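Given next are the chains, with one letter for each unit.
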Amino acid sequence: MEKLPRSGFFSLRRHSGGTTWYPWGTTGAVENVLFTTTGVTQSSLDAYQAFFNVIGQSNMAIYNINKFAGPEVSATAKNQALAEARFMRATAYSLLVMNFGEVPIITNNIEEMNNVNIVRNTIPSVWEFITRDYLFAAENLPLSVAEPGRLTKWSAEGMLARTYLTRAGVGKSVGTRDQAFLDKAKEYAERVIKMSGKQLIRPYENLFKYPYDNNSESLFELEWATTNNYDAANTQTSQITPFAEIAVNNDGWGGSFGATYWMLSLYDGLIDKGTSPGPEDDGVKPGFTVDQRLKASYMLPGFVYPEIKVKRAFGPNKAGDALTVPDPGTADLSSAFIKKYVVGNDLNGVPATQQRYPHNNYMLRLAEMYLIYVEAVIGNNESTMDATAMGYFNEIRNRAGLPTFEGPIRMNSTWNADPTVYKDDVLEERAKEFAMEGMTWYDLVRMHYYNPEKAYAIISNQDRGGFVSKPDRFPNPTGWTFTKTAWFTNRNAKVSSGNFYLQIPAVEISQAPNLTQPAVDYVFGE
């Protein structure tokens, strides 16, 4: 099965995008929320080294396959194995370049292992390298596989759709994304939609009810090993489960994680904004949304989850009950706790042990192909009413229980605090669809390539702080007010070209000082 490392996955991907709040910690969580990471931030080092571990493993697999696969190994089998390795290498490099910017391209660990003179390569070079790996994978992976969870041609073509959409903006300016790359993104997205045989899971909440691994919507998952190896086991569930009483063995430590105020503000009707998205309506009026993705992604007081059983009594819950999220009472902090990827315990059939949970994380699913198609159609325009794009957009919204969107679908190129002037429907829809799946940060990086000022403005205007979620009645609330936590004053990140990307870790620079030198173009062979 395909695997990527646990290190850095949670903190980098979710916190930087402005969707997840966390006020504590010394390993990088709050630093990623507020863009104050440095070259010695632990989570940055963990992620950098983990991604290069995947690259190293992929390179060694490629080396060994080419060196030792004898004539008894068919060309098809050999190329499929090479394709899997190159797919994983490309994926690790895409995460590296979008978090760290310019990074070194390494293809032979035996030759480069002791090279202290290694230098970084330019962002366009890294993306070209990624594209070539995914193209090889798409050419040599099978249409379907005998073993669930392995990569297919559609996994690679889906990643190509994402890659070309991103590359369209690399090195460009506002309104000048590369049309050829936009067309490629649209082409690959539509191929996967129409030819892969994949289908959207309905209702949305079933995407995250155990067991859901390798389902009909999934194109590529982070497959956790059933092992005693801490780094290969799924410990994330322990870290994000908000109540120890619903965990396997008291291993639920995620009560300080939750949605940011900005994230909740995206759900239609949930927070009364008046005429502007500022704090002036903070905690004034109960709100409610019909968007079913909210309950599937975050826990608000009064939500009931039949699929999660309570192991020990707490709040309104008795042992064996379906979970009812408690009323915060007089607490001055009670966020929208994380629900997505929280699957419960043995009482509801989850064969987990402490810090060893069996379910996967999505890395790519069919819903993204719909939204990539929409963004590729908009391209360098401000909006679209294209019938196919509108249809795909509404497929996603209707599944979430939302009414049909009449359009136009907007991606205005400038920021304005008045939502009647500025609106990025695609970014906001993606944030809700992929909440807690780590996508929003990479959406902002893609935007930053061709419109950095818009990316900075969006990030700077995100309220990334905590709040108290208070139901209008308990049980069976009909709405909630969200009162911002007064003692948490750092609610907005300050971001610019100087801190948008993570710094190359200091320990890496100490071993290869030329990583501080200007990046160079990579020289591709034939």
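Presented here is an overview of the structure given in this document.

## A few points about the packing of aromatic side chains
Part 1: On inspection of all chains with the given rule, the structure shows 29 aromatic pairs.
Part 2: Ring plane angle 80° and centroid distance 4.9 Å describe the contact between Tyr370 and Tyr392, whose orientation is recorded as edge-to-face. Residue Tyr370 is located in helix α12 (residues 366-378), and its partner Tyr392 is located in helix α13 (residues 387-399); the two are separated by 22 residues in the primary sequence. The pair Tyr370 / Tyr392 is uniform in exposure class, with both members buried.
Part 3: Pairing Tyr373 with Tyr392 gives two aromatic rings, centres 5.0 Å apart and planes at 90°, and the pair type is edge-to-face. Highlighted residues: Tyr373 in helix α12 and Tyr392 in helix α13, separated in sequence by 19 residues. Each member of the pair, Tyr373 together with Tyr392, is buried.
Part 4: Through successive ring pairs, a cluster of aromatic residues spans Tyr48, Phe52, Tyr93, Phe100, Phe129, Tyr522 and Phe524.
Part 5: Across from the ring centre of Tyr305, 5.3 Å away, lies the NZ or CZ of Lys295, which sits over that ring.
Part 6: One Lys or Arg, Arg365, reaches over the ring of Tyr362 and ends 5.7 Å from the middle of that ring.

## Brief notes about the environment of Ala435
Part 1: Position of Ala435 relative to the elements: it lies in the loop between α14 (425-433) and α15 (440-450).
Part 2: Linking Ala435 and Thr404, residues 31 residues apart in sequence, is a C-alpha distance of 21 Å.
Part 3: Look past the residues within four positions of Ala435 in its chain and what remains in contact with it is Met263, Tyr267, Ser297, Tyr298, Lys340 and Arg430.

## Details of the environment of Tyr63
Part 1: Relative to the helices and strands, Tyr63 is located in helix α3 (residues 42-68).
Part 2: It is 9.2 Å that separates the C-alpha atoms of Tyr63 and Thr107, two residues lying 44 residues apart in sequence.

## Observations regarding the nonpolar core
Part 1: If you look at the biggest cluster of nonpolar residues, it comprises 97 residues, and the most contacted ones within it are Phe87, Tyr93, Leu96, Met369 and Tyr449.
Part 2: When near neighbours in sequence (up to four residues on either side) are disregarded, Tyr93 contacts Phe52, Ile55, Val103, Pro104, Ile105, Ile106, Val126, Phe129 and Ile130.
Part 3: Of all hydrophobic cores here, the second largest spans 43 residues; its members include Tyr204, Met263, Leu323 and Phe337.

## Regarding the pairing of strand β11 (residues 467-471)
Part 1: The element β11 is largely enclosed, with a buried count of four among its five residues.
Part 2: Where β11 lies against strand β12 (residues 480-484), five bridges are found, and the strand directions are antiparallel. By the bridge assignment, Lys470 is partnered in β12 with Thr481.

## Brief notes about the pattern of salt bridges
Part 1: For the structure on display, the rule yields 39 salt bridges.
Part 2: Here Arg191 makes a salt bridge to Glu157, at a shortest N to O gap of 2.7 Å. Taken together, the residues span a long stretch of sequence, with Arg191 in helix α8 (residues 179-195) and Glu157 in helix α7 (residues 153-167) at a distance of 34 residues.
Part 3: Overall, the relative accessible area of 3% leaves Glu157 in the buried class.
Part 4: Here Lys470 and Asp327 are joined by a salt bridge, their closest N and O atoms 2.8 Å apart. Taken together, the residues span a long stretch of sequence, with Lys470 in strand β11 and Asp327 in the loop between β6 (322-324) and β7 (337-338) at a distance of 143 residues.
Part 5: Of the residues examined, Lys470 reaches a relative accessible area of 30% and is grouped as partly exposed.
Part 6: Salt bridges linked by common partners bring Glu217, Asp268, Asp291, Arg293, Lys340, Arg365, Arg397, Arg399, Glu429, Lys432, Glu433 and Glu437 together as one network.

## Looking at the packing of α7 against α12
The geometry of a pair of packed helices is captured by two quantities: the angle between their axes and the separation between those axes.
Part 1: At a closest axis distance of 10 Å, the pairing of α7 and α12 adopts a crossing angle of 30°. Accordingly, the angle class assigned to the pair α7 and α12 is roughly parallel. In the crossing of α7 with α12, the sense of the turn from one axis to the other is left-handed. Residues Gly158, Ala161, Arg162 and Leu165 of α7 form the contact with α12, whose own contacting residues are Glu368, Met369, Ile372, Glu375 and Ala376.
Part 2: Split by residue class, the contact of α7 with α12 holds five nonpolar, one polar and three charged.

Conventions and cut-offs
- Residues numbered from 1 in each chain as written.
- Predicted model: local features only at pLDDT ≥ 70, side-chain atom pairs only at ≥ 80, totals over all residues.
- Heavy atoms only, no water.
- Phe/Tyr/Trp six-rings, centres within 6.5 Å; stacked < 30°, edge-to-face > 60°.
- Helix = DSSP H or I, 4+ residues; strand = E, 2+ residues; numbered from the N terminus.
- Buried < 20%, exposed > 50% of the residue type's maximum accessible area, 1.4 Å probe, protein only.
- Lys NZ or Arg CZ within 6 Å of the ring centre and 35° of its normal.
- Contact = heavy atoms within 4.5 Å.
- Core = buried A, V, L, I, M, F, W, Y, C linked by side-chain atoms within 4.5 Å.
- Pairing = 2+ DSSP bridges.
- Salt bridge = Lys/Arg side-chain N within 4 Å of Asp/Glu carboxyl O.
- Axes fitted to C-alpha atoms, helices over the stretch in contact; angles between N-to-C directions.
- Parallel < 35°, antiparallel > 145°, perpendicular 65-115°, else oblique.
- Left-handed = near helix turned anticlockwise from the far one by under 90°.
- Nonpolar A, V, L, I, M, F, W, Y, C, P; charged D, E, K, R; others polar.

On their own, these measurements won't tell you what the molecule is for.
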